[in-house]
Amino acid sequence: MDLRSQLAELIPEQQERLKKLKTDHGKTQLGNITVDMVIGGMRGMTGLLWETSLLDPEEGIRFRGLSIPECQNVLPAAHPGGEPLPEGLLWLLLTGKVPSKEQVDALSKELHIRSTVPDHVYRAIDSLPLSAHPMTQFTTGVMALQVQSEFQKAYENGLSKAKFWEPTYEDSLNLIAQLPLVASYIYRRLYKNGQVIPADNSLDYGANFSRMLGFDDPKMQELMRLYVTIHSDHEGGNVSAHTAHLVASALSDPYLSFGAALNGLAGPLHGLANQEVLLWIKSVVDECGENITAEQLKEYVWKTLKSGKVVPGYGHGVLRKTDPRYTCQREFALKHLPDDPLFQLVSKLYEVVPPILTELGKVKNPWPNVDAHSGVLLNHFGLTEARYFTVLFGVSRSIGICSQLIWDRALGLPLERPKSVTMDWLENHCKKAAA
Ligand SMILES: CC(C)(COP(=O)(O)OP(=O)(O)OC[C@H]1O[C@@H](n2cnc3c(N)ncnc32)[C@H](O)[C@@H]1OP(=O)(O)O)[C@@H](O)C(=O)NCCC(=O)NCCS
């Protein structure tokens, strides 16, 4: 069965499930809202339905119930024992079911068919100066792709609500298929004199993306498969996922919603942290050399903190342990590049940074997140341009975000509209509560 047919079969039962949940438990309380939560960026406030993945503060992410090591075990790979194919994860996120290798191969082919990027997209990117941040160029490309939105056309033609998920599915799959072309175009434009490498339709999603960027090393292809898989989704409350969900709740199409998400991903406290980590690590090497001692490293970390900056790649809004996305990248490095000097530096940081952040007293999670590791792996295989890294994150995020957007429309989720209040309101409310 193909992906769309399997999805179409699942939708009515999931609609029923949600209806029953609302009827039976609509008024059940999930917790209390405190003033701290309202001021503190809604930390700890449960307020979103997000089906594709769930984040446990101690355990890390589960994609449709499966941890990263479980995904590595059960999702089809390009070769036995290899990293999961991102197409398989897309299937899993959309349906909750583990696909067969045949299903994944068919999806790879389908994505190739959907991947043609109209010329005006490249022209829109070319109209920006080379100095424009790669994320600005990427979002521009996504906005230029939007002109082909099937959802927008269908909505203008009066499509009924029950069918909203169908053009959302078409837009989402097209977008996921086209993004590697747009992203690699930007990379080649910026760093390789505009010499574009055409797609190879015999390759899977990750390997083809790696190829179009200019990297044919089979290990780099494996890294790209792993990278796209682990960066795809991190439940719904993070800035990029939440932004897409919010914007799409106004019935903006997947291109508009994903473009908005990318603008959030481009912030240094979110996706841009992967750029910041490699730049920071390189600044350590520039100042202290590659054979830096633990003492020197401690001093450097303190220097960063004392200058009012964060240590990039450490800490998290939800996680309270080492991010399993960090751990699996560390395992990849131990297997494929154990002697890489920057990997060894990353390993040293793992020992040095957490005690310092703990000593600082205010950091809730002193452990490394996904961004602490990704840069040195890419750098090892020759993708050294840190400013570009967040674009790779963006391509990956499309898989989780778009999967959920399809379900948002299939489940008929409403316009998002939380209540906001003023400081006056809070003060008065608290006075009354204390009386
Ligand atoms: C991810 C992050 C934004 C989470 O923010 P958060 O939920 O507010 O984190 P906390 O509740 O632990 O923050 C409490 C304090 O510790 C600080 N803190 C958290 N992580 C820190 C870090 N890595 N380095 C220095 N200080 C840090 C915060 O800036 C905050 O300080 P403040 O009260 O003076 O403003 C934060 O940990 C951070 O800035 N990390 C570095 C950037 C990064 O790696 N981002 C990618 C995340 S996947």
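Higher on the page you've got the structure.
Rules of the game
- Residues numbered from 1 in each chain as written.
- Predicted model: local features only at pLDDT ≥ 70, side-chain atom pairs only at ≥ 80, totals over all residues.
- Heavy atoms only, no water.
- Near = heavy atom within 4 Å.
- Polar contact = N/O pair within 3.5 Å; in protein donor to acceptor, adjacent residues only side chain to side chain.
- Areas by Shrake-Rupley, 256 points an atom, 1.4 Å probe, with all protein chains shown as cover.
- Nonpolar A, V, L, I, M, F, W, Y, C, P; charged D, E, K, R; others polar.
- Phe/Tyr/Trp six-rings, centres within 6.5 Å; stacked < 30°, edge-to-face > 60°.
- Helix = DSSP H or I, 4+ residues; strand = E, 2+ residues; numbered from the N terminus.
- Pairing = 2+ DSSP bridges.
- Salt bridge = Lys/Arg side-chain N within 4 Å of Asp/Glu carboxyl O.
- Buried < 20%, exposed > 50% of the residue type's maximum accessible area, 1.4 Å probe, protein only.

**A short note on the site of the ligand**
Right, on to step 1. Inspection of the region around the ligand gives 19 residues, with Val311, Gly313, Tyr314, Lys362 and Lys364 positioned closest.
Right, on to step 2. The separation between an oxygen atom of the ligand and a polar main-chain atom of Lys364 is 2.8 Å.
Right, on to step 3. Note that an oxygen atom of the ligand is positioned 3.0 Å from one of the side-chain N or O atoms of Asn369.
Right, on to step 4. Protein contacts shield 75% of the accessible area of the ligand, which totals 840 Å² for the unbound molecule.
Right, on to step 5. Taken together, the residues that form the shell around the ligand break down as 9 nonpolar, 6 polar and 4 charged.

**Examining the packing of aromatic side chains**
Right, on to step 1. The full count for this structure, using the stated rule, is 12 aromatic pairs.
Right, on to step 2. Summarising the aromatic geometry, the rings of Tyr350 and Trp367 are spaced 6.4 Å apart at their centres and angled 85° between planes, so their arrangement reads as edge-to-face. With a gap of 17 residues between them, Tyr350 in helix H17 (residues 341-360) and Trp367 in the loop between H17 and helix H18 (371-380) connect regions that are remote in the sequence.
Right, on to step 3. Three or more aromatic residues link up through ring pairs in this structure, and these residues are Tyr187, Tyr191, Phe215 and Tyr388.

**Points about the sheet that holds strand S2 (residues 60-63)**
Sheet strands associate in pairs through backbone hydrogen bonding, adopting either a parallel or an antiparallel arrangement.
Right, on to step 1. One open sheet holds the 3 strands; their spatial order is S1-S2-S3, and the pairing between them is antiparallel. Edge positions in the open sheet fall to strand S1 (53-56) and strand S3 (66-67), since each of these has one partner strand only.

**A closer look at the pattern of salt bridges**
Right, on to step 1. Enumeration over the complete set of coordinates arrives at 17 salt bridges.
Right, on to step 2. Here Arg4 makes a salt bridge to Glu166, at a shortest N to O gap of 3.7 Å. Here Arg4 is found in helix H1 (residues 3-25), whereas its partner Glu166 is found in helix H9 (residues 165-191), with 162 residues between them in sequence.
Right, on to step 3. Taking the relative accessible area as the measure of exposure, Glu166 reaches 25% and is therefore partly exposed.
Right, on to step 4. Arg62 is the partner of Glu59 in a salt bridge, and the nearest nitrogen-oxygen pair spans 2.9 Å.

Function cannot be read off these values alone, since they describe shape.
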